[in-house]
Amino acid sequence: MAFLPLLAVVFVQARDHRDQSLTIARSQAEFLTSLSVERGGRILDRARTMVPARASSLDLLASQAACSAVAADREHHLWLGELSIVRPDGTDFCAEIPEEAKKLVVSSDVQAALAAGKVVTGEPIPGPTPDIVRIPLFAPIVHQGRTAAALVAAVDLRLFEAVETANVGRGRDVMASVINGRGHIAAVYPPNPELLGRRFDGQEMAPIAGQTSSKVEVWPDLAGHARLFAAKRLTETAGTVMVGIGLQSIVGPEDEEFQRQSLLIAMVFAGSVLLTLVGGEVLLFTPLRSLVRAAAAIESGDLSVRSNLHARGEIGALAKTFDRMAEAVADRERELRAANQAAEGALRQAEQANEAKTDFLASMSHEIRTPLSGIISYTELLLDEPLRPSERLYAKRIEAAGSAVLTLVNDLLDFARIEAGRTTIEVKPFSLVSLVDNAVSIVRALADKKRLPITLELDPDLPDAVLGDEPRLRQILLNLLNNAVKFTPAGRIVVRVDHRGTSDAGERIGFSVSDTGIGIPARHRHRLFQRFSQLHQSEGDATHGVGLGLAISKSLVELMGGRIGFESNEGCGSTFWIEVSLPRASRSALEPNEPGEVPAFGTARILVVDDLEMNRDIASAMLRRAGCEVNAVSDGASAIDAVASQHYDLVLMDIQMREVDGITATRRIRQLPAPAGMVPIVAMTANVLPQQVRAMKDAGLNDHVGKPLTRSTLIAAIDRCLRSAASVVPGPAGILSSAATEQEFDRKTFEELRSLLGDVQMPNWLRRLDVRLRSLQTLLDAPSPDREAIARTAHALVSHAAPLGFLRISHICAELEGACRSDSDLDEWLEPVRIACRNALCRLDAMAPASS
Ligand code: ADP
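Rules used throughout
- Numbers given for residues are sequential positions, taken from 1 along each chain in its written order.
- With pLDDT at 70 or above as the cut-off, local features in this predicted model cover only qualifying residues; side-chain atom pairs require 80 or more to be listed or tallied, and sums for whole chains, interfaces and linings still use all residues.
- Where side-chain values are given, they derive from all heavy atoms of the structure, hydrogens and water being excluded.
- Per-residue confidence from the predictor is given as pLDDT, running between 0 and 100.
- In this description a helix means any DSSP run of H or I spanning at least four residues, a strand means any run of E spanning at least two, and both kinds are numbered starting from the N terminus.
- Residue contacts are counted whenever heavy atoms from the two residues lie within 4.5 Å of one another.
- To be near a molecule or strand, a residue needs just one of its heavy atoms within 4 Å of it.
- In the analysis that follows, any N or O atom pair within 3.5 Å is treated as a polar contact, provided that within protein one partner can donate a hydrogen and the other can accept it, and provided that, for residues neighboring in sequence, both atoms belong to side chains.
- Each accessible area value is a Shrake-Rupley result obtained with a 1.4 Å probe; residue values ignore everything except the protein chains displayed when judging cover.
- Think of it in three bands: with a 1.4 Å probe and only protein chains considered, a residue is buried below 20% of the maximum accessible area for its type, exposed above 50%, and partly exposed in between.
- Strand pairing is assigned whenever DSSP identifies at least 2 bridges connecting the two strands.
- Salt bridge criterion: a side-chain nitrogen from Lys or Arg within 4 Å of a carboxyl oxygen from Asp or Glu.
- Expected helix span is computed as 1.5 Å times (number of residues minus one).
- Between the N-to-C directions of two axes lies an angle of 0 to 180 degrees, each axis being a line fitted to C-alpha atoms and, for a helix, fitted only over the stretch in contact.

Participant: Account for the confidence of the model for the protein, with residues named and values stated.
Facilitator: Counting all residues, the mean pLDDT for the protein is 82, and 90% of those residues have values of 70 or more. Considering each helix and strand of the protein separately, the mean pLDDT is smallest for helix α18 (residues 733-739), with a value of 32, and largest for strand β17 (residues 573-582), with 96. Within the model, the stretch residues 539-543 combines pLDDT values under 50 with 7 contacts to residues more than four positions away or in other chains. With pLDDT under 50 throughout, residues 592-600 is counted as low confidence; its partners more than four residues away or in other chains account for 15 contacts.

The following block contains the structure:
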C-alpha cells in the first residue's frame, strides 16, 4: 500500500510527459506542413505570374522563335520541369509533350478555362523524383483574337526540403506527402517510389483532404502504423500537404521511461517485502513461535517450560513477562496441588466419617431391628391366638408402634445410604399400570379405614412396559400416597399417570397424587423437601414419620434424572407430582408368571438356623403354621452337620452368628456332595446394604429375607426359592457340581426367540424339540443303547434346546454327547438325562396352549 502513491506519481508524471511530447509533435507537424505549403505557394505564385506573361508574348506564326523562347525559359527557372506549347486538340507544337499533359489539355475543364482566357492549375502529379510534386499550369496563347494554343508549364515543387532540414528531434519518424484531389499520393518524403499513386483510405482521410487550414489528427498510415498527421491545402491547387510523425517515435521514449520506473518501483517493492519477511521471521515470528510452543507446553501441564529468548525490545520484554507469568503459574499450581491434597485428605476423612456414620446406622438398624423383630413377630403370633378384646387392642397397638419404629429405622437407613452415595438405580422392564395398581392397593386398606376413596386415572397412551427402577418408584409413590392418606381427614384421593411425550431419555411419564386434605401452609413450603421437616403434627398416633419421606423421594427422583414438585392450597388439599423419563420396553420383556406353576410350599422340610432362641421360635412357628416340617439349630456348625446327615428342602440361615457365621456355613454346605450341597439357602438378616447382599450371593445363598421377619415376606421368600429349586434336576455329583446353579429354563431367552420367529414358526420349533426329546428317550430306554445314534440326537438337541431357553437339557446333552464319543461308561448318565428329558417334556406340555 505504501508503494501505491509512488506508483501513482510516476504514472501521472509519465502521462504528463506523454501529453507534452504529443503537443510538441503536433506543433512540429503543423509547422512543417505550413512551411512546405508556404514554400510551394511562393513558387506557384511566381509561376502564375510568369506563365501567362510568356503566353501572351509568344507569336505562334513565328513558330520557331516561339519554341526557342519556350526552351530558353525552361533553362532559366529551376522549378520549371517542363514548358511547351500544345494545340487545343492535344497535339504538341514544339516537341513531344508528356501524355499526361495532353490528357489534361483536352479535358473539358481546361478547354473551357482556356477558351475563357484564364490560367488553369492542374492536379498535382508525381515529379521527376518521388519527393517532388509537379503542378501543371495552362495559359492560353491568343492568336488573331482566339485561343490558338496553350502554354503548358510543369512546376516542380521541392516542398520537403524544409522537412529534411528541420530539427524535429532525435529518432522522430517523420513522413511527408502531397495528395491530389482524389486522394492519391503525388509526392512522398522519405522518397519511396512504391507509394506514389497509392491512395489513403478515402473515408479516414476525408476530414483532412481538401482542408485549407491545417488540421492535426492521429491516423494509421499506409503501413498501418499510427501517426500524428497535420494536413494543409496547397494554395490554389487540389493538392494537400500532409506531414505525419510516427506515434511510437513520439511517445515510445516516454512509455519506455514509465515502464523502466515502474519496474524499478516493483523491484524496490519486492525487495522491501522480502526484507520485511526475513526481518519479520527472524525478529518477530521465530520468537513468537517459541513463545507459543512454551505456552502450549504449559497448557498441557509442563510447568517447567520457559521461553529461553534473549531478544531485545518489545519481544524481549514479552519473553521476560511470559517467563515471570510461567513462574507464577507454576507457583499457583504448587499451591493448588497442596490445597487439593489437603482437600482430598479432608474429603477422604469426610467420606470415612460418612462411611462410619452409614455403617453405624446400618449396625444400629440391625441392633434395633433384631429386638424389633421379636416385638412385631411375637405380636403377629399373639394376634393369631384367641385373645380378650382388651388384650387384642393392646397387641394391635404394640404391632402399630413396632411398625412405626420399623418405618423410622428403614427411613433412616435409606437416607443414610442415599447421602453416602450408595444408592444405585437398577433398570429393569416393568409395567407402569401394575406398579401404580400395586402401590394403590397397599395404601387402600389405610384409606378405607378413613373412608377415603382412591381414584386411579390412567392415560390410555401409557406404554405397556418401560425400563426403570420399579421398587424405587414404588417407594416414592407409596410415600406420596401415605402422606395423602395421612393428611386428608375427609374427601378423596386421585392418582393420575400421564404420558407427557417423548424425550431423548425415553417416555416422559408424570405421576401425581392429589388429595383434599389440610394442604401446606405457604410459609412452610420452602422446607418441604428438606430432611426432618414436618410441617404438621400428623393425625395418627404412632404412624407419623420423621420428615424424611419427601427428602428421600426427592433424592431418588433426582437420581433417576426426574423432577418432583407440588401445588397446594392450605385447607383445600395438595397435589404432589413427579416426572421421570423411562425408556420404552417391549411388552414381551415383562417377566410373566411361569405357566402351569403349582405352589411348592406346604410339605417342605426346613432347617432354621439362628443363634437367638427368640428368632428360632418365631421363624419355626410361622413356618409350622404354614404347614412345613421344621428343625432348628443354633449355630453354623450344627447347620452343616444337619444338612450333611438329613434331607432338607430349604435352609433358613441367620447371617450374624457367633463362631461359624451364616456366610461361612453356606460356603461349607455348598462344598458338600449333592444333593446336600445343592439345598436352597435363604438368609435371614437385617443387613441389607448392597455390598452385603453381594457377599451373600457370592457365598452361594439363594435369596434373603429382611429382619424383623413378617409372615408374609418369609413365606413369599421361601415359596420363591422352593419353586426355582424345583426346576433344577438332581443328577450325578460330577454333573451337578457344574450345573448346581444352572437354570432349567430361561424364559427371557425363550421370549427373545419368540419375538424373533413370531407366533407362527415358534410352535414348529417346539414341536421339533418335543420329537427330538422323545426319540432321545427311546434311544436311552433301548436294551443296548446305540452310542452313535444317542450322540447324534444329543448333538442336535444341544443347538435346538439352548435358543429356546431349555438350558439344562442343552447342557446335559452336550456332556452326554462327549461321554458317547469318549467311550466312557454311559450308565451314570442315563438317569439324569431321562429326568431332564421328562422335565423338559412336562414344560413343553404346559407351554403348548400358551405358545400356540
Ligand atoms: P413424614 O414421613 O413425616 O410424612 P415427609 O417428608 O413425607 O415426612 O413429609 C414432610 C411433611 O410434609 C409432613 O410432615 C407434612 O407436614 C407435609 N406433607 C407431606 N405431604 C402432605 C400432604 N399431602 N398434605 C399436607 N401436608 C403434607
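Participant: Requested: an account of the site of the ligand, with residues and values cited.
Facilitator: Around the ligand lies a shell of 21 residues, among which Asn483, Asp515, Leu535, His536 and Leu550 are the nearest. Backbone polar atom of Gly547 to an oxygen atom of the ligand: 2.9 Å apart, as the coordinates give it. Within the backbone of Leu550, a nitrogen or oxygen atom sits 2.7 Å from an oxygen atom of the ligand. For the ligand, whose accessible area on its own is 530 Å², the fraction buried by protein is 98%.

Participant: Could you give an account of the environment of Ala113, naming the residues involved and the relevant values?
Facilitator: Mapped onto the elements of the fold, Ala113 is located in helix α4 (residues 108-115). Of the residues examined, Ala113 reaches a relative accessible area of 16% and is grouped as buried. C-alpha of Ala113 to C-alpha of Pro140: the two residues are 27 residues apart in sequence and 8.6 Å apart in space. Excluding anything up to four places from it in sequence, Ala113 contacts Lys118 and Val120.

Participant: Describe the sheet that holds strand β11 (residues 428-430), naming the residues involved and giving the relevant values.
Facilitator: The strands that make up a sheet are held in pairs by hydrogen bonds between backbone atoms, and each pair lies either parallel or antiparallel. One open sheet accounts for 3 strands, arranged β11-β13-β18; its pairing is antiparallel. Each edge of the sheet is formed by a strand with only one pairing partner; in this case those strands are β11 and β18 (584-585). As judged from the 2 bridges shared by strand β13 (residues 465-468) and β18, these two strands associate in the antiparallel manner. Along β18, the bridge assignment pairs Val466 with Arg584.

Participant: Lay out the pattern of salt bridges with the relevant residues and their values.
Facilitator: All told, the structure shown has 28 salt bridges when counted by the stated rule. With a shortest N-O distance of 2.6 Å, Asp156 and Arg134 are connected by a salt bridge. One end of the pair, Asp156, is in strand β5 (residues 146-157); the other, Arg134, is in strand β4 (residues 133-143), and 22 residues separate them in sequence. As far as the burial class goes, Asp156 and Arg134 line up, both buried. Of the charged contacts in the structure, one is a salt bridge between Glu579 and Arg500, with a shortest N-O distance of 2.9 Å. Residue Glu579 is located in strand β17, and its partner Arg500 is located in strand β14 (residues 493-503); the two are separated by 79 residues in the primary sequence. One salt-bridge network, held together by shared partners, links Arg500, Arg508, Arg563 and Glu579.

Participant: Please set out helix α20 (residues 787-801) residue by residue, giving values where relevant.
Facilitator: For α20, built from 15 residues, the straight-helix expectation of 21 Å at 1.5 Å per residue is met to within 8% by its first-to-last C-alpha distance of 20 Å. Among the residues of α20, those classed as buried are Ala789, Ile790, Ala791, Thr793, Ala794, Leu797, His800 and Ala801. The opening residue of α20, the one whose side-chain oxygen lies 3.2 Å from the backbone nitrogen of Glu788, is Asp786.

Participant: Which residues make up the sheet that holds strand β15 (residues 506-515), and what are the values?
Facilitator: Ordered in space as β12-β14-β15-β17-β16, the 5 strands form an open sheet in which the pairing is mixed. At either end of the open sheet lies a strand with only one pairing partner, and these are β12 (454-458) and β16 (563-569). For this sheet the average axis-to-axis angle between neighbouring strands, irrespective of direction, equals 15 degrees. Relative to β15, β14 is paired through 9 bridges, and the arrangement is antiparallel.

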